[in-house]
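Spelled out from the first residue to the last, the chains are:
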Amino acid sequence: MNYLAFIGRILIGLPFAMSGLSKLVAYGPTTAKIAAVGLPFPPLAFAVAMAVELGGGLLLVLGYRGRPVALALALFSLASAVSFHSDFADQNQMIHFLKNVMMAGGLLQIAAFGAGAISIEHWRRKSGAPSAAAAINA
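Nothing here was measured: the structure is a model prediction, and the numbers come from that model.

Calculation criteria
- Residues numbered from 1 in each chain as written.
- Predicted model: local features only at pLDDT ≥ 70, side-chain atom pairs only at ≥ 80, totals over all residues.
- Heavy atoms only, no water.
- Helix = DSSP H or I, 4+ residues; strand = E, 2+ residues; numbered from the N terminus.
- Buried < 20%, exposed > 50% of the residue type's maximum accessible area, 1.4 Å probe, protein only.
- Contact = heavy atoms within 4.5 Å.
- Areas by Shrake-Rupley, 256 points an atom, 1.4 Å probe, with all protein chains shown as cover.
- Expected span 1.5 Å × (residues − 1).
- Core = buried A, V, L, I, M, F, W, Y, C linked by side-chain atoms within 4.5 Å.

J.: Honestly, the overall build of the protein in this entry has me stumped. Any pointers?
T.: Helix and strand counts for the protein come out as 7 helices and 0 strands. Moving toward the C terminus, one meets the helices and strands of the protein in the order α-α-α-α-α-α-α. If you line up the protein on its principal axes, its C-alpha atoms span 50 × 30 × 25 Å. Taking all 138 residues of the protein together, the buried fraction comes to 30%. At a minimum sequence separation of 6, the contacts of the protein that also span at least 24 residues come to 67%. Summing over all exposed atoms, the protein offers an accessible surface of approximately 8,300 Å²; the carbon and sulfur share of this is 73%.

J.: Whenever I open this one, helix 1 (residues 2–24) confuses me. Can you help?
T.: Within an α-helix, residues lying three or four positions from one another point in the same direction, as the helix has 3.6 residues per turn. In this model helix 1 runs 34 Å from its N-terminal to its C-terminal C-alpha over 23 residues, within 8% of the 33 Å that 1.5 Å per residue would give. Along helix 1, the residues that are buried comprise Arg 9, Ile 12, Gly 13, Phe 16, Ala 17, Gly 20 and Lys 23. Against helix 2 (27–36), helix 3 (42–62), helix 4 (66–84) and helix 5 (91–113) lie the buried residues of helix 1.

J.: Got a minute to help me understand the side chain of Glu 53 in this structure?
T.: Of note, Glu 53 is situated in helix 3. Using a relative accessible area of 6% as the deciding quantity, one classes Glu 53 as buried. Leave out the neighbours within four places in its chain, and Glu 53 touches Phe 16, Ala 17, Ser 19, Gly 20, Lys 23 and Phe 76.

J.: What's the story with the environment of Phe 16 in this structure? I'm lost.
T.: Relative to the assigned elements, Phe 16 resides in helix 1. Remark: the alpha-carbon pair of Phe 16 and Val 52, spanning 36 residues in sequence, is separated by 8.3 Å. Setting aside chain neighbours within four positions, we find Phe 16 in contact with Glu 53, Leu 54, Gly 57, Leu 73, Phe 76, Ser 77, Met 103 and Leu 107.

J.: Help me understand the nonpolar core in this model?
T.: One broad trend across soluble globular proteins is that nonpolar side chains are buried collectively. Grouped together as the largest cluster of nonpolar side chains are 13 residues, with contacts concentrated most on Ile 12, Phe 16, Leu 60, Ala 70, Leu 73, Leu 107 and Ile 110. Contributions of two or more residues to this core are made by helix 1, helix 3, helix 4 and helix 5. Here this core gets 5 residues from one element, more than from any other, and that element is helix 4. For Leu 107, the residues in contact, after removing those within four places along its chain, are Ile 12, Phe 16, Leu 60, Ala 70, Leu 73, Ala 74 and Ser 77.

Structure (structure tokens):
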């Protein structure tokens, strides 16, 4: 059972990382789509999306800072659902909206219960390495 959390993180984190990589090679079309839905500052929104999707996806797979990363990805998924997939007259958009909501649900489970046994967090706790909070308070 120790592998289930790791497999779940891979199944959620890798698609985020792949989406971030695909945006990296499609700056123009991505910023155009951001502008088309009326979001302000498309280049800034692009940079945020890249950081959240690519960085967050990889951190989630590794199990580093799993709870805050999962929470950030859940909020990003919900914001993306509302911003890009809220035309419910289009069945395809409704499917994408619900997909984003379901991803947010899975991510909130990670935020609530942690990254699991096969993760950098678990390894650090087990090895006695100081946590990020302990390093800040030192």
